[in-house]
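For reference, the chains in residue letters:
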Amino acid sequence: MKPCLSPFFRSALRAVIGLLLLLVTAAGATGQQPDPGPGPGNSPAILYIEANTGDSSGGHAGIRIGNQVFHYQYGNRGWLVLRRESWDQFRRFYNDLGNRAIFAARLDLPAKIGRRIHDRFTLELLCQDARRQQLTGARDRVRLLAALAAGRPLPRNLRAAGFFQPETGSGGPAAARLKRIVGERLGENFICDRCRKLRRALSRPPESTATFVSWHEQRSRLAALEAIDRELGLRERELVAVPAGDRKPDLTPRERTRLREIKQNFRETVIRLLDSRRPDNGFPLLLALARYLACARSLGENRLLLLNSRPPQAETIDPLYQAGNRRLLGQLACQSLKLAADRRLRLFQATGRAAGRLSEFAWCRLENAATRGAGLAAAAAGRPRLQVFPGNPLPARPGSGFLRQPFSRNAARKRLARAKADLKALTREFDRRYGYNLFTRNCVTELFTTLARALPPLDAAGSGPAFDRQQRQLINSISFIPWRMFNEVIAGLHPAAVTGYPSLRQRYLADRYRRENDLLVYLKECNTLTSPLYRAGGQDDSFLLFTGEAGLARPLFGAVNLAWALPRTAFGLLSWPFDDGRALKKGFYGTLFSLPELFFVSLRKGSFVVTPAAATTTEKSSPPRAAPKTSPAS
Amino acid sequence: MKKFSLLLCLLAAFALAGCSFSYSSKALSESSSSPSKSSSGDDNKEEQEYRQTFANEVMLFTDNMLHTQADAAAFYRGLARIAERHGISDWETLDSTYVAIGRGLKKAGVDRARIDTLPLLSELLSPRPKMLKYIVKGYES
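Keep in mind that what you see is a predicted model, and the values were worked out from it rather than measured.

A. Structural detail: the pattern of salt bridges. Summed over all chains, the structure comprises 51 salt bridges over all chains. Between R418(A) and D422(A) there is a salt bridge whose closest N-O contact spans 3.6 Å. Of this pair, R418(A) and D422(A) both sit in helix α13 (residues 409-434), 4 residues apart, roughly one helical turn. Of the residues examined, D422(A) reaches a relative accessible area of 22% and is grouped as partly exposed. Of the charged contacts, one joins E446(A) and R441(A) as a salt bridge, the two residues approaching to 3.8 Å between their closest N and O atoms. Judged by relative accessible area, E446(A) falls into the buried class, the value being 17%. The exposure class assigned to R441(A) is partly exposed, which follows from its relative accessible area of 22%. Connected through salt bridges with shared partners, the residues R84(A), D129(A), E57(B), R81(B) and R85(B) form a single ionic network.

Below is the structure:
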């Protein structure tokens, strides 16, 4: 038990120290004059993101270059990983949903240096991704050998193999036609010969992670060949229908013509990939085959059906939140389905050059919008377990294919110990390279380490195109506390401009104060019960009063919040067996974050799961403004 | 008392996870988006951004691969990973992939005359020699 708890103790210690640091060091305003903000060029801007409760409760840091933001996030297994978002997305996540003010210090650097910094961060991202793939390979190898050693079926980790029904001939005339064309174009025995060769190759157990990657690719290729050979069809539950806006979902004659072209496009992709020299052609083959069959089925049923793109790691929304927000989910479903309908319209109305070639990117986005819309609509109608996912992932429902026992249990058993040792070593390497440490490796330290690596060396006289020796020293020894880092950047790196982006609530309040009676607005907006903007629940803890604008009354407001949260904590202890400790968690966090408020420090600002309807008027108009003259931690 | 302290410590640790952001918030927000999200302008902007980012990543990756003396299989796998992150599985047929590879070759300092003999590219180009012109185009851009 003890070894399991020690990471928690470490995290707890880190957390308490983090809170103390914030309490002790919270000071120093960074009020700056308004300016144009980070421009569209490549001049980098250091970002400081205000603290709030929940995630990144000690504040956060990032770097904006052009329209992209790079930042290090604390992720799974305690690893600090580099992420990249578009500036719009980043603002949406942190500025709007996270309800945190963002401050940007634009550095005065030549465009060439900006490009160099951007490339360095991108390269870090690519290297990190390659290492993660290696780790995934090591994990999959252990899973495979463990399953085979125990006589269990092979793991269901072949991407896109899960779209297919196992019954031979379930694909109907479209699958049969494809098989015939493959035979005509590549040879009658092409599939059988390739399958035989692959089975022979797969009978040799993978000796290392590197050979496992190749082994797994071959398994995937075999699954694709067998899907064609057995004329497999798609599983009903792996398809989502795409609405057609205001009209009936039926395909119009024009859409049918276009869909036939798209189907043919996917068929040609399948045939080309069968003969491709790509070592990893199994997954794209399975995906193109599934898309081809989805198009064929759409034509058969006269409605557009696409692959369900929800990835296996999609996160399930808190059932309580889901139950309490059916109406909101209904609105989101409408928005998402409308988006899918719009994309459908654009894709099928494409003319000229755009129509000649199908954009896979656009098709994938259509699949994602339809999947999200269908999931939200089902959740709004009462189906539990809404699963959500970010980005534009390729549909990749995993399956296991038809391979059963490629090599003996004994052979698997012999190699399992070695595979586990390899995985352990690789995990240790990851811990060493990406392990989080509050003081020495956090979102600030890693950001500046990468920044320092990106800079060209100084000449003998100590000068260069970017930063002098003193400034380089500052970059190398920057404070690990986000807001202090930002103050040091302003003082030492002499940014060309500093811009503040008020949080969603700040913008909303400013707008209302401008238009309505100050006192009435304040009375309505100072608490979580009557605020039209804020909705209690979501991921926030229990609190009653917003202390951000309370000024000298903050300790009093904090005491009220404490009195509000304590009984909830007590109630949470009683309800723990019935709600998995949810109420206790909210009550405890409410208590914890009320304490700094007693000492004039306000960390809690409230957050949003989705952009509230009341804020849509201010959401559009969110130009950069002067940084508010308040403490970053207040 | 000891157990209670442990509980408090655990809860505090959960309360103050550093530098993270909720995945579900992010994911759900992509479903919601702003009202303007459904406009074609937004989609076009995102597609343009994807093209630029994809091209830049392929260029940097190619440059890096040439410096690390990686084999062709590793190169293809890397290209596939980059493409997949942008919602693309069939990167082999995209002209932009080859233009970006050409730019990567130039960045890596490869001699123009050596391009069509590079072992890293031979398997990629042998089924589609026409794509060489896009590599050259990228190299000369």
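B. Seen up close, the layout of surface pockets. When its volume is computed, the second largest pocket comes out at roughly 1,000 Å³. What lines the second largest pocket is a set of 34 residues, among which R357(A), L358(A), S359(A), E47(B) and R51(B) lie closest to the centre. Every element with two or more residues in the lining of the second largest pocket is listed here: α7 (253-274), α8 (282-301), α10 (326-349), α11 (353-356) and α12 (360-380) of chain A together with α3 (40-68) and α5 (95-107) of chain B. Split by residue class, the lining of the second largest pocket holds 12 nonpolar, 8 polar and 14 charged.

C. Fine view of the packing of aromatic side chains. Residues and elements named next belong to chain A. Per the counting criterion, the structure on display carries 24 aromatic pairs over all chains. Relative to F608, the ring of Y534 has its centre 6.1 Å away and its plane inclined at 65°; by these criteria the two rings are edge-to-face. Separated by 74 residues along the polypeptide, Y534 in the loop between α18 (518-525) and α19 (554-579) and F608 in the loop between α20 (582-598) and α21 (616-620) bring together distant segments of the chain. As far as the burial class goes, Y534 and F608 line up, both buried. Three or more aromatic residues joined by ring pairs form one cluster here, namely W87, F90, Y94 and Y501. The ring of F402 carries the charged tip of R230 above its face, separated from the ring centre by 3.8 Å. Over the ring of F546 we find R505; its NZ or CZ atom is 3.6 Å from the centre of that ring.

D. Representation of empty space enclosed by the protein in the model. The tally for this structure, following the rule as stated, stands at 2 cavities of 30 Å³ or more. Here the second largest cavity defines a volume of roughly 50 Å³.

E. Focus on the nonpolar core. Residue and element names in this part refer to chain A. Counting residues in each nonpolar core, the largest one holds 87 residues, and the members touching the most others are F164, L234, L289 and W363. Looking at this core element by element, the count peaks at 13 residues for α8. Formed by 41 residues, the second largest nonpolar core is a distinct cluster that contains Y48, L82, L474 and F486.

Reading guide: rules and limits
Residues numbered from 1 in each chain as written. Chains lettered and ligands numbered in written order. Predicted model: local features only at pLDDT ≥ 70, side-chain atom pairs only at ≥ 80, totals over all residues. Heavy atoms only, no water. Salt bridge = Lys/Arg side-chain N within 4 Å of Asp/Glu carboxyl O. Helix = DSSP H or I, 4+ residues; strand = E, 2+ residues; numbered from the N terminus. Buried < 20%, exposed > 50% of the residue type's maximum accessible area, 1.4 Å probe, protein only. 1 Å grid on protein atoms, 1.4 Å probe; cavity = no way out; pocket = protein on both sides within 12 Å on 5 of 7 lines; lining within 4 Å. Points joined across faces, edges and corners; volume = space filled by probe spheres on them. Nonpolar A, V, L, I, M, F, W, Y, C, P; charged D, E, K, R; others polar. Phe/Tyr/Trp six-rings, centres within 6.5 Å; stacked < 30°, edge-to-face > 60°. Lys NZ or Arg CZ within 6 Å of the ring centre and 35° of its normal. Core = buried A, V, L, I, M, F, W, Y, C linked by side-chain atoms within 4.5 Å.

Honestly, it's all geometry; don't read function into it.
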